[in-house]
Amino acid sequence: MDTRSPRLPGTSPLLPAALLRRLEAAHAAQPLMARAGEAAARWAEQLRSDSARPVLVLAGPGNNGGDAFVCATRLREADIDVVVVSRADPARLSADAHAARQAFLDGGGAIAADIPVATPWGLIVDGLFGIGLARDLAAPYAAWTATAQAQARRDHCPILALDVPSGLDADTGRAWAGALQATHTLTFLADKPGLHTADGPDLAGAVRIAELGVAATAWAAAASGSPNRAASTADDAHLLPPGRLLAPADFAPWLKPRPKNSHKGRNGEAGILGGAPGMTGAALLAGRAALVLGAGRTFVGCLDPQAPAVDIVHPELMLRRGEALLATPLSALAVGPGLGQDDAARRDLATALGLAVPLVLDADALNLVAREPQLAAQVAARNPGRAPTLLTPHPAEAARLLACDTAAIQADRIAAARTLAARFNAHVALKGCGTVLAHPPGSDGNDPANPDGLPTAWAINPSGNPGMSTAGMGDVLSGIVVALLAQGWPPGPALEAAVHLHGAAADALVAAGTGPVGLTAGETIPAARSLLNRWVGATLPLG
Ligand SMILES: NC(=O)C1=CN([C@@H]2O[C@H](COP(=O)(O)OP(=O)(O)OC[C@H]3O[C@@H](n4cnc5c(N)ncnc54)[C@H](O)[C@@H]3O)[C@@H](O)[C@H]2O)[C@@H](O)CC1
Ligand SMILES: [K+]
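Please read these numbers as outputs of a predicted model, since none were measured by experiment. (Residues numbered from 1 in each chain as written. Chains lettered and ligands numbered in written order. Predicted model: local features only at pLDDT ≥ 70, side-chain atom pairs only at ≥ 80, totals over all residues. Heavy atoms only, no water.)

Q: So what about the confidence of the model for the protein chain? Which residues, and what values?
A: For the protein chain, mean pLDDT is 93; residues scoring 70 or higher make up 94% of the total. Segment residues 1–10: pLDDT under 50, and 25 contacts once partners within four positions in sequence are set aside and those in other chains are kept. (pLDDT = per-residue confidence, 0-100. Contact = heavy atoms within 4.5 Å.)

Q: Please give an account of the coordination of the potassium ion (ligand 2) that cites residues and values.
A: Geometry reference: four tetrahedral donors at a metal, ideal angle 109.5 degrees. Six octahedral donors, ideal angles 90 or 180 degrees. In the first shell of the potassium ion (ligand 2), the protein supplies N64 (OD1), D126 (O), F129 (O), L162 (O) and V164 (O), at 2.6 to 3.0 Å from the metal. Mapped onto the sequence, the donors of the potassium ion (ligand 2) take the spacing N-x61-D-x2-F-x32-L-x1-V. Highlighted residues: N64 in helix α3 (residues 63–77) and V164 in the loop between β6 (159–162) and β7 (184–188), separated in sequence by 100 residues. The same class applies to N64 and to V164, which are both buried. (Donors = N, O, S within 2.8 Å, 3.2 Å for Na, K, Ca; no water. Helix = DSSP H or I, 4+ residues; strand = E, 2+ residues; numbered from the N terminus. Buried < 20%, exposed > 50% of the residue type's maximum accessible area, 1.4 Å probe, protein only.)

Q: Please provide a residue-by-residue account of the sheet that holds strand β12 (residues 318–321), values included.
A: Strand order in the open sheet made by the 11 strands is β1-β9-β18-β17-β16-β15-β14-β13-β10-β11-β12, with mixed pairing throughout. Looking at strand neighbours, the two that pair on one side only are β1 (13–14) and β12, the edges of this open sheet. Here strand β9 (residues 243–245) pairs with strand β18 (residues 458–460) via two bridges, running parallel. Bridged to L245 within β18 is I460. (Pairing = 2+ DSSP bridges.)

Q: Explain the domain arrangement of the protein chain to me, using residue names and the numbers behind them.
A: As a measure of interface size, the accessible area lost when the parts come together is often cited. Examined at the domain level, the protein chain breaks down into domain 1 (17–239) and domain 2 (265–538). Relative placement of domain 1 and domain 2: their C-alpha centres are 39 Å apart. Of the residues lining the interface, 11 residues belong to domain 1; the matching set on domain 2 comes to 13 residues. Carbon and sulfur atoms supply 59% of the area buried between domain 1 and domain 2, which totals about 900 Å² over both sides. Applying the counting rule to domain 1 against domain 2 returns zero salt bridges. Between domain 1 and domain 2 we count five residue pairs in polar contact (both at pLDDT 80 or more) in total. Residues that form the side of domain 1 that touches domain 2 fall into these classes: five nonpolar, four polar and two charged. (Domains from an automatic or database assignment. Buried area = accessible area lost by both parts, 1.4 Å probe. Salt bridge = Lys/Arg side-chain N within 4 Å of Asp/Glu carboxyl O. Polar contact = N/O pair within 3.5 Å; in protein donor to acceptor, adjacent residues only side chain to side chain. Nonpolar A, V, L, I, M, F, W, Y, C, P; charged D, E, K, R; others polar.)

Structure below.
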């Protein structure tokens, strides 16, 4: 087996603000602000919708405003008309931002105290706030973002955000009141988690990274403590470690072509347990996904005594009653699709938790675990080596598991996923816009626990679209995960690959005109199969 660890942040690290500040401090001798403003100006030139119109540059009271002043200066040097709006008090600016402002004025630039109402813009540059913002926008900034948003609509011009859209929390993707919705974001030094989950994707638009001459790998020294980093503090224990923006490269070592001498016994037995009265469709969808994504044999156990004996669409599926399924030798099992929460569901779940197989818990399996401490203890006590557990909650299920409300989950999705992974000793996919994945310490690789006991291994999946917010999508995801587990994938990569693949399949369908409106869960199954086979083919040299 390929021994490369997929857990370490690699080509697409996501750095939290505290680490970015360390990185900045370690490279303080370099002209980072000048490089940031220069990179912004170059993209701004390309983005202008109308070269005859001026560019509106909004400059805030911190270093994000400094970047904006450099950008405005460079645009003026390129003979582009700019209008800079800022109320930053020069006496309170950092040395770099002060110098950037002064250089703009020295070059003949002028600063307005408010946004002109009548000027049509070719582009709006948002340099109000970057990673330094942690509250709702105060006056006058909330009014400015509202005006800028309205004027961009009026003028059909893009909005380029510097580092992050103002008002977006760079760590969590939470939008503070007054946040600006950009069409493009040029983010500095490294990519940031907040741009890819929760409100981030809606507010950031197309994201590009400007590394500012700092090597992509320099984050590692900042994370582990380089000689240049600021002194450690007690808060260090709670620092969010760097994560990854998920890509096929993260699970490429497991995208192996099948040997010619293959037989169904090699590809495992996948089981689905669910399908209570009125919900057999959920179990069938999961079963079909497991079948089509390559499980050697797929068994579907339904709790509904009236459930059909055969799936006419896929007679390959082996349908049986729930308890009969649990007595069948399985390579991997998913419990939850259409499970319900009655006594039979509870009893079968408790039995399933005792099986020494990789186990996916979704939907009502998660709700039962949230309801009953005894089941929760059973989950946490499972052997992560022989019997790994994978949880695929949506935010409301995560809230039940953590006994909080959905808003609290959404306010910090990464913290929620990591907490669930630690509490249940499980691999977690917290679904939603920018699904967050977290893996228990020590699983699949060498990831240590963070000093605060939470996992260090986490990632955000960028694939997927709003067409996926429809019934049955979760059942299909469970089926894809259990299919990969049955085929021998380790749990972490199986969960990551399934989440990424499912989202990418939905993206391919939308690109071809099937959705987002009206996209169905069943349609994503063959689309995911096509993509998986393409990925396996593309990685042949790795095999
Ligand atoms: N320090 C460095 O070496 C670099 C910093 N860079 C830029 O600097 C940014 C971070 O700069 P800062 O730490 O100064 O932070 P920001 O520029 O994001 O904002 C901080 C300032 O805004 C005020 N503020 C925060 N929230 C507010 C609110 N809701 N309403 C009103 N005022 C609010 C703060 O009091 C402070 O004055 C990065 O995002 C990036 O754009 C880049 O130039 C790259 C290099
Ligand atoms: K900004």
